[in-house]
Amino acid sequence: MAGEWRTAASGATREVLDPADATVLAVVAEGGAEDADAAIAAAHEAFGNGRGPWPATPVAERAALLRRVADLLRRDREELGLLESRDAGKTLEEGRVDVDCVADAFRYFADLVAGESGGRVVDAGSPDVHSVVVHEPVGVCALITPWNYPLLQASWKIAPALAAGNTVVVKPSEITPLTTIALVRLLVEAGLPDGAANLVTGPGDPVGARMAEHPLVDLVSFTGGLASGTRVMRAAADTVKKVALELGGKNPNVVFADACTTAEGFDTAVDQALNAAFVHSGQVCSAGSRLIVEESLRERFVAELARRADRIRIGRGTDPGVECGPLVSAAQLARTEDFVASALAEGAVLRAGGERPDEPGLADGWFYRPTVLDRCHRGMRIVREEVFGPVLTVETFRTEDEAVALANDTEYGLAGAVWTADAGRARRVAGRLRHGTVWINDFHPYLPQAEWGGFGKSGIGRELGPAGLAEYRESKHVYQNLAPRPVRWFKG
């Protein structure tokens, strides 16, 4: 913080474990509330009421620095991809793709701010008035990121916050902090002024909690679970700071029978259902964990889906040919097992997986087989709540209205998909789905220039796109009277 790397005030440390075998990957500082206070103070001083070194940096220079960060990410792609794979458990190729996406995010926000004009001119209806709306940085931004996509989610917050001229305090998940540490080092290497970016490693309580309630923090952006997100919102309320929350989803993947009338269509829909549910072992906020398939197609579709799920290659993410890595922690593995057990007790039919693998070399890691649960319904806990594991539930429908009703029958609303060969139906269903992102005949792609966020309990605010930049800004209306004269409202 404030341009130097420090140990925790208490001297405490934490071991970061490899989820593939539970061995120690690294030892990092275990920060506390005192460390959060120091980092926030450094960010506040560096912001300097908007006149500090970074907010006062011309926009073109801020954009140039973000582009340098993108170049450094490309330079270190292999190293960072490997670190992300080992820390989060994902495959090496997933780690590499994440680095590419992070670089894209920095470039996007650099280009976005560099291409802006000096504000939005407002017609006041008089030639004697010049009226303009300008955008200024919010101030000190507390950025709290999750364990599943540590590098990517950090970039979705850091890049727009810095592009807008804010100073930041970043708290990565204590489970997967390593690539965020590496990213902050790249910010320093790129020339970011001291105090503009500060990092505190440590648990949500007390570090994240202190960041959310601190009176010198002007905005808190949190990505994580619903329960933690609501605590962040409550903590931020007393100081009436801006809050942005992305709290996950229970995402429907709706498949109509007409999408599968050809061999190619059937193969694609099944393949994408696997992709939707099992990428990164299902530890994805937008995972298509709810398959909602037309009743006439169910048996054929689920049988093939289960057959392929059983053939997914499980192992250490850095090993050649591995398609699905471990869960991130022992706690996440236990949570997944508990969800599956409860689903079976409530009447779900196991079609694939449902257990830990017994292959040599996997016993010490937190692995779980990709699991398909058939005959599920909305009364089941596993259909209502986010598992964050490699588990896919199957529900069925008979009519378009029923499909939409099922897809929208959730407290969340982050993402969803519809598969159909009928273009009219595709547009109708997409228009009726209450989710922040809707894919038609696809699943998972996102664009840095398109907003990301959810309806309902999936959160408030948006990341990425122009709205993602706007989260980190305040709008100011500047009204200039070019020919002032007495109003004579009061006659004297």
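Reading the values: the criteria
- Residues numbered from 1 in each chain as written.
- Predicted model: local features only at pLDDT ≥ 70, side-chain atom pairs only at ≥ 80, totals over all residues.
- Heavy atoms only, no water.
- UniProt positions renumbered as here; feature names shortened; annotations may be inferred.
- Salt bridge = Lys/Arg side-chain N within 4 Å of Asp/Glu carboxyl O.
- Helix = DSSP H or I, 4+ residues; strand = E, 2+ residues; numbered from the N terminus.
- Buried < 20%, exposed > 50% of the residue type's maximum accessible area, 1.4 Å probe, protein only.
- Contact = heavy atoms within 4.5 Å.
- Polar contact = N/O pair within 3.5 Å; in protein donor to acceptor, adjacent residues only side chain to side chain.
- Phe/Tyr/Trp six-rings, centres within 6.5 Å; stacked < 30°, edge-to-face > 60°.
- Lys NZ or Arg CZ within 6 Å of the ring centre and 35° of its normal.
- Expected span 1.5 Å × (residues − 1).
- Pairing = 2+ DSSP bridges.
- Axes fitted to C-alpha atoms, helices over the stretch in contact; angles between N-to-C directions.

- As annotated in an unreviewed UniProt entry, the protein carries the name Betaine-aldehyde dehydrogenase and comes from Streptomyces roseolilacinus.
- What the UniProt record of the protein gives under Sequence similarities (unreviewed entry) is the line "Belongs to the aldehyde dehydrogenase family."
- In its Pathway (unreviewed entry) section, the UniProt entry covering the protein states "Amine and polyamine biosynthesis; betaine biosynthesis via choline pathway; betaine from betaine aldehyde: step 1/1."

**Side note on the pattern of salt bridges**
- Taken as a whole and assessed by the stated rule, the structure comprises 44 salt bridges.
- The closest approach of N and O atoms between Arg381 and Asp338, which form a salt bridge, is 3.1 Å. You can see Arg381 sitting in helix H12 (residues 381-384) and its partner Asp338 sitting in helix H11 (residues 330-345), a full 43 residues away along the chain.
- With a relative accessible area of 21%, Arg381 lands in the partly exposed category.

**Focus on the environment of Arg75**
- In this fold, Arg75 is placed in helix H2 (residues 59-75).
- Between the alpha carbons of Arg75 and Ala124 there is a distance of 50 Å; along the sequence they are 49 residues apart.
- Excluding anything up to four places from it in sequence, Arg75 contacts Leu186 and Glu189.
- At 2.7 Å, the side chain of Arg75 and the side chain of Glu189 are in polar contact.

**Overview of the packing of aromatic side chains**
- Taken as a whole and judged by the stated rule, the model has eight aromatic pairs.
- Measuring from centroid to centroid gives 5.0 Å for Tyr108 and Phe109, while their planes differ by 70 degrees, and the two rings are edge-to-face.
- Looking at Tyr108, the relative accessible area reads 14%, which means it is buried.
- Each ring, one from Phe266 and one from Phe301, has its centre 5.9 Å from the other, and the planes form 85 degrees; the classification is edge-to-face. Here Phe266 is found in helix H9 (residues 263-278), whereas its partner Phe301 is found in helix H10 (residues 298-309), with 35 residues between them in sequence. Exposure class is identical for Phe266 and Phe301. Each is buried.
- Taken together, the ring pairs connect Trp156, Trp439, Phe443, Tyr446 and Trp452 into an aromatic cluster.
- Sitting above the plane of the Trp5 ring, Arg185 keeps its charged end 4.2 Å from the centroid.

**Quick look at H9**
- An ideal rise of 1.5 Å per residue puts 22 Å on 16 residues; H9 measures up with 22 Å between its terminal C-alpha atoms.
- Taken together, the buried positions of H9 are Gly265, Phe266, Ala269, Val270, Gln272, Ala273, Leu274, Ala276, Ala277 and Phe278.
- Along its buried surface, H9 packs onto strand E10 (252-255), H10, strand E13 (371-374), strand E14 (391-397) and strand E15 (415-419).
- His280 lies just past H9 and shows a positive phi near 50 degrees.

**A look at the sheet that holds strand E5 (residues 140-144)**
- Sheet architecture is open: six strands sit in the order E7-E6-E5-E8-E9-E17, paired in mixed fashion. The strands lining the two open edges of the sheet, one partner per strand, are strand E7 (197-199) and strand E17 (459-460).
- Direction of pairing for strand E9 (residues 242-246) relative to E17: antiparallel, over a ladder of two bridges. If you follow Glu246 over to E17, its bridge partner there is Gly459.
- Along the sheet, helix H5 (residues 150-163) makes contact with E5, strand E6 (167-171) and strand E8 (219-223), crossing E8 at roughly 160 degrees.

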